[in-house]
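A closer look at the structure
Letter by letter, the chains look like this.
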Amino acid sequence: MKSIDQSVKLGLIVCGHCGRHIDEVETEKVTVLYGCCTNDSCRRGTRQGETENE
């Protein structure tokens, strides 16, 4: 029987501002990493529904 070499992606990258799923990465255990998605409001550092003056 042939062994199948598959990788399991247990790491999840989530936007720290809006919570959107960005990507999955290979890790040894379940891990959640936070980053910033390409949404304009997230890149400016404001959360969804907030204005820049808040």
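Details of the structure are given in the entry above.
A brief look at the structure comes next. The model shown is predicted, which means the values in this text are computed figures rather than measured ones. (Residues numbered from 1 in each chain as written. Predicted model: local features only at pLDDT ≥ 70, side-chain atom pairs only at ≥ 80, totals over all residues. Heavy atoms only, no water.)

1. Some words on the environment of Cys36
Put simply, the rule reads: Secondary structure elements are taken from DSSP: a helix is a run of H or I of four residues or more, a strand is a run of E of two residues or more, and numbering for both begins at the N terminus. Whether two residues touch is decided by their heavy atoms; if any such pair falls within 4.5 Å, the residues are in contact.
Residue position: Cys36 is located in the loop between strand S3 (31-35) and helix H1 (40-43). Here the alpha-carbon distance between Cys36 and Ile22, two residues 14 residues apart in the chain, equals 8.2 Å. Setting aside chain neighbours within four positions, we find Cys36 in contact with Cys15, His17, Ile22, Cys42 and Arg43.

2. Here's the deal with the sheet that holds S3
By way of backbone hydrogen bonds, the strands of a sheet pair with one another, either parallel or antiparallel. Our working rule: A pair of strands is labelled paired if DSSP reports no fewer than 2 bridges between them. For helices, the fitted line uses only the C-alpha atoms of the stretch in contact; every axis is such a line through C-alpha atoms, and the angle between N-to-C directions lies from 0 to 180 degrees.
Strands sit in the order S2-S1-S3 across an open sheet of three strands; the sheet is mixed. Here the strands that pair on one side only, and so sit at the sheet edges, are strand S2 (21-25) and S3. When strand polarity is set aside, the average angle formed by the axes of neighbouring strands in this sheet is 25°. Pairing of strand S1 (residues 11-15) with S3 involves five bridges; the strand directions are parallel. Of the residues in S3, the one forming a bridge with Gly11 is Thr31.

3. Focus: a nonpolar patch on the surface
Rules: Residues forming no salt bridge and having over 30% relative accessible area are the ones grouped into patches, like charges within 9 Å of each other and nonpolar side chains (Val, Leu, Ile, Met, Phe, Trp, Tyr) within 5 Å. Working definition of accessibility: Shrake-Rupley area with a 1.4 Å probe, residue cover restricted to the visible protein chains. Whenever a carboxyl oxygen of Asp or Glu lies within 4 Å of a side-chain nitrogen of Lys or Arg, that contact is scored as a salt bridge.
On the surface, a cluster of nonpolar side chains totalling about 280 Å² of accessible area is made up of Val8, Leu10 and Val30. Position of Val30 relative to the elements: it lies in the loop between S2 and S3.

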